[in-house]
Amino acid sequence: MKVGENIYAVDGICTHEYSDLSMSFMNGGIVTCPLHLSQFDLKTGEALSLPATESLKSYSVTIQGTSVFVEMD
Ligand code: FES
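Described in the following lines is the structure provided in the data block. (Residues numbered from 1 in each chain as written. Predicted model: local features only at pLDDT ≥ 70, side-chain atom pairs only at ≥ 80, totals over all residues. Heavy atoms only, no water.)

### Thoughts on the sheet that holds strand 7 (residues 58–64)
Next, step 1: Pairing within the open sheet is antiparallel, and its three strands lie in the order 3-7-8. A strand with exactly one partner marks an edge of an open sheet, and here the two such strands are strand 3 (9–10) and strand 8 (67–71).
Next, step 2: Of the strand pairs in this sheet, strand 7 and strand 8 are connected by five bridges, and their pairing is antiparallel. Directly across from Ile63, in strand 8, lies its bridge partner Val68. (Pairing = 2+ DSSP bridges. Helix = DSSP H or I, 4+ residues; strand = E, 2+ residues; numbered from the N terminus.)

So, in structure tokens, the structure goes:
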């Protein structure tokens, strides 16, 4: 996800229950789950509010020219 000039990559499924975060609300660097409204920091994946307590997995992103590379484990 792009925030300003930066691109971040996190898991797309909420850690609370199964909810697709591609349907989420984004405000700055914060993504809000559409189901129960937990918020996550897009930079780190950290869960910022209940009911989610587990962070999203975040991935290293490298930009080379017009290409974006995401390092998956
Ligand atoms: S499924 Fe995301 S907060 Fe509950």
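There's plenty left to go through after this.
### A few points about unusual backbone geometry
Next, step 1: In this structure, the amide linkage connecting Leu50 to the following residue, Pro51, adopts the cis form with an omega of 10 degrees.
Next, step 2: Here Pro51 is to be found in the loop between strand 6 (39–41) and strand 7.
Next, step 3: The phi torsion at Leu37 lies on the positive side, around 70 degrees, for a residue other than glycine.
Next, step 4: Here Leu37 lies in the loop between strand 5 (30–32) and strand 6.

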